[in-house]
Amino acid sequence: MSTDGTGGTEPGSALQVSVRVQREDLVLDVDFTVGPSEVVAVLGPNGAGKTTLLRTLAGLSTPSRGRILLHGQPLLDTERGIDCPPERRPVGYVFQNYRLFPHLSVRENVAFAARSSGIHRAQARRQAEHWLERFGLRTLAARRPGQLSGGQSQRVALARALAADPALLLLDEPMAALDARTKLEVRSELRRHLADFAGPTLVVTHDPLEALVMADRLLVIEGGRIVQAGQPADIARRPATEYVARLVGLNLYPGLQGLDGAIDLDGGGRLFATGAPADARDRPTTSERVLAALRPSAIALHTSRPENSSPRNLWEGRITGVELLLERVRIEISGSPSAIVDVTPAAVAELELAPGTRVWLSAKATEIDVYPDPAEPVANVGEEV
Amino acid sequence: MSRSTSTIGSPDRRLRAPVALALPALICLAVLALPLISLLVRTPWSDLAELLSDESARTALRLSLECAAAATGLSLLFGVPLAWMLAKTDFPGRQLVRALVTLPLVLPPVVSGLALLLAFGRRGVFGRYLDQWFGIQLPFTTAGVILAETFVAMPFLIVTVEGALRSADQDLEEAATTLRASRFTIFRRITLPLIGPSLIAGSVLCFGRALGEFGATITFAGNFSGTTQTMPLAVYDALETNPDAAIALSLVLLATAVVILTALHRRWLPAVGGGL
């Protein structure tokens, strides 16, 4: 499986990864490339193998087989018996809880890598000074990590990693330890620093907003496999899995599309979409596996069956949840198919929408975006061309 | 070494002890406290200064401190690396090594002394070569005292430090690895500073045990004033000739023990300056 987006072809990519890691509860099996100075966000649910991937790249976990090339140099190649130890990999790692050395000052933390590689104390200090300056840490240089705020700790962790002059930068949930207000301040700053870094960068996150803001490209990992990769905007519009759909707030229905354009949904129910597989260059000759994405705001709710309604899709359901978002109300409905629907607070009051209420849902066929299901790799798309 | 959680100021109802438990507990306390109280009661306080300024007493005290310090130093130099090996690496026979390390903790010191004699005595298994090849004789010398004390006291340091190394923060060592640090650099710059408190605690325990060492010392090094007669041996000697001097010397050892205990206790309390 090749999943490169903007990363370019194999020779032009700065980082080439193809590894298989056996964990007790999971097999991580991924294959991807990252371009020079490209920032890739690794997105996925808990336990999907995101951190394992970073640890493998840094050499802290050992894969059962695989190959990691950084600027053409192998960090790992199980076939050729190459496994560069972590302390010799030019890889910077910002850990989730930063892991600053509590007994060393901020300055000594930042100078740590230089001192480790045998550079003289005075020179290591001068180098550290440069990074402290760049990260606005001059005034905190004498402090111990215990006296820093979350945002400051993150800056020190990043400065410490970059001071080691890595060729690849890894960040594991760099925002997870911060409170909501700090996150906002730190995010744009972090983005700026990542843009300054010349090498490829991987940022693990489970926050889609963070991924959208910071990354040039997304890599979605579920159950140890890459389920989707590409531009943030593309992924947000056409999620490949239920998990991604939930992240970006879309209704997503896998199903089988017949020649007439009607889609029989796996979970029960039927949807009509105009056009039909937008991606397929030629008309399908048989039924094919597709995904149908539907925005929550594109569904209308009715408390009784609408007479002579124009939308082609009309079905019945029962409200199971009502949640107030910023300017709209998100309604969860179980039916065939189940759906989330966004309405205005006024509509909720007017229609007296509450959990348990029976409603009719309608959606225009033009609002449904249909595309081939990537989980069904070969099928018949493109094969005959 | 139990770390009791203090419940001072707890609003919970205090437990009332039943007689069946309180009585044996009191007797136990008496057994522990009465001898020490008696030592204080019988101490010839007025002659104390004179007794302790006696030449042989001062020599024994100086020798004791020097030998115990040397034994602690040797234990740090050789014991800490062994503790690191036991805690961090996996090698065949590790369990056996650990058992060997802890054995002196429970072995009667006289047996330790005898074993040392058989190993390093002038006609011992190894001692004969030390003598023949290098002219080194350990038994009945000050070096012998240090060796005996090290043999008996080093396990206290190793066990304490190994426990600390085991629970030391792996995550920080991992972070150091990603910052180009070699195993030894990590040990020196991350691990050692982080286990500092345990290192001190282990050293104090080791020093205390070495200071009180009697059985192995007298068996392996003998009891010669000025070269091998440490405080405990001096106490034993004085008991026959000058009981008051024995009591005075014992008082010094008791005071030292109290100081060590206080030092340990302070170490075990939550770190004052947040140094960890």
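A closer look at the overall build of chain B
Part 1 of the argument: The helix and strand tally for chain B stands at 13 helices and zero strands.
Part 2 of the argument: Secondary structure elements in chain B, listed N-terminal to C-terminal, are α-α-α-α-α-α-α-α-α-α-α-α-α.
Part 3 of the argument: In terms of principal-axis extent, the alpha carbons of chain B reach across some 70 × 65 × 35 Å.
Part 4 of the argument: Burial status across chain B gives 34% buried among its 276 residues.

Some points on the environment of A:Ala159
Residues and elements named next belong to chain A.
Part 1 of the argument: By the secondary structure assignment, Ala-159 is in helix α4 (residues 150-163).
Part 2 of the argument: Along the backbone, Ala-159 and His-302 are 143 residues apart, and their C-alpha atoms lie at a distance of 56 Å.
Part 3 of the argument: Setting aside anything within four residues of it in sequence, one finds Ala-159 in contact with Val-110, Trp-131, Leu-132, Phe-135 and Leu-137.

As for the sheet that holds strand β4 (residues 65-70) of chain A
All names here are of chain A.
Part 1 of the argument: The strand order β2-β1-β4-β5-β6 describes an open sheet built from five strands, whose pairing is antiparallel. The open sheet is flanked by β2 (26-34) and β6 (82-83), the only strands paired with a single partner.
Part 2 of the argument: Here strand β5 (residues 73-77) runs beside β6; their pairing, made up of two bridges, is antiparallel. Residue Leu-76 lies in a different strand from β6, and its bridge partner there is Asp-83.
Part 3 of the argument: Contacting β1 (15-23), β2 and β4, helix α1 (residues 50-58) runs over the sheet at an angle of about 115° to β1.

Re the domain arrangement of chain A
Part 1 of the argument: Domain annotation for chain A reports domain 1 (10-100 + 148-237) and domain 2 (249-372).
Part 2 of the argument: Here the C-alpha centroids of domain 1 of chain A and domain 2 of chain A sit 36 Å apart.

Things to note about helix α4 (residues 94-106) of chain B
Part 1 of the argument: For α4(B), with 13 residues, the first-to-last C-alpha span of 19 Å sits near the 18 Å given by 1.5 Å per residue.
Part 2 of the argument: The element α4(B) is largely exposed, with a buried count of one among its 13 residues.

Overview of the nonpolar core
Across soluble globular proteins, you tend to see nonpolar side chains buried next to one another.
Part 1 of the argument: Counting residues in hydrophobic clusters, the biggest one holds 158 residues, and the most contacted among them are A:Ala41, A:Val42, A:Ala159, A:Leu170, A:Leu219, A:Val220 and A:Ala292.
Part 2 of the argument: Here this core gets 15 residues from one element, more than from any other, and that element is helix α7 (residues 142-167) of chain B.
Part 3 of the argument: Here this core spans two domains, and each of domain 1 (10-100 + 148-237) and domain 2 (249-372) of chain A adds at least three residues to it.
Part 4 of the argument: Beyond its immediate chain neighbours, meaning those up to four positions away, A:Ala292 contacts A:Tyr253, A:Gly255, A:Ile263, A:Leu271, A:Ala273, A:Ile368 and A:Val370.

Focus on the confidence of the model for chain B
All names here are of chain B.
Part 1 of the argument: Counting all residues, the mean pLDDT for chain B is 88, and 93% of those residues have values of 70 or more.
Part 2 of the argument: Note on residues 269-276: pLDDT is under 50 here. Beyond four places in sequence and across chains, it has three contacts.
Part 3 of the argument: Across the interface, the model reports ipTM at 0.78; the global pTM reads 0.78.

Looking at the confidence of the model for chain A
Residues and elements named next belong to chain A.
Part 1 of the argument: Here chain A averages 86 in pLDDT, while 91% of its residues score no lower than 70.
Part 2 of the argument: Within the model, the stretch residues 1-9 combines pLDDT values under 50 with 22 contacts to residues more than four positions away or in other chains.
Part 3 of the argument: Contacts from residues 377-385, a stretch scored under 50 in pLDDT, to residues over four places away or in other chains number eight contacts.

What about the environment of A:Asn97?
Residue and element names in this part refer to chain A.
Part 1 of the argument: Mapped onto the fold, Asn-97 is located in the loop between β7 (91-94) and α2 (106-116).
Part 2 of the argument: Note on Asn-97: 14 C-beta atoms within 10 Å, which makes it partly exposed.
Part 3 of the argument: Sequence-wise, Asn-97 and Glu-173 are 76 residues apart; in three dimensions their C-alpha atoms are separated by 8.6 Å.

Overview of unusual backbone geometry
Part 1 of the argument: The linkage connecting A:Ser336 with the following residue, A:Pro337, adopts the cis geometry, with an omega of 0°.
Part 2 of the argument: Residue position: A:Pro337 is located in the loop between β18 (329-335) and β19 (339-343).

Rules and cut-offs
- Residues numbered from 1 in each chain as written.
- Chains lettered and ligands numbered in written order.
- Predicted model: local features only at pLDDT ≥ 70, side-chain atom pairs only at ≥ 80, totals over all residues.
- Helix = DSSP H or I, 4+ residues; strand = E, 2+ residues; numbered from the N terminus.
- Buried ≥ 20, exposed ≤ 12 C-beta atoms within 10 Å, placed from the backbone.
- Contact = placed C-beta atoms within 7 Å.
- Pairing = 2+ DSSP bridges.
- Axes fitted to C-alpha atoms, helices over the stretch in contact; angles between N-to-C directions.
- Domains from an automatic or database assignment.
- Expected span 1.5 Å × (residues − 1).
- Core = buried A, V, L, I, M, F, W, Y, C linked by C-beta atoms within 7 Å.
- pLDDT = per-residue confidence, 0-100.

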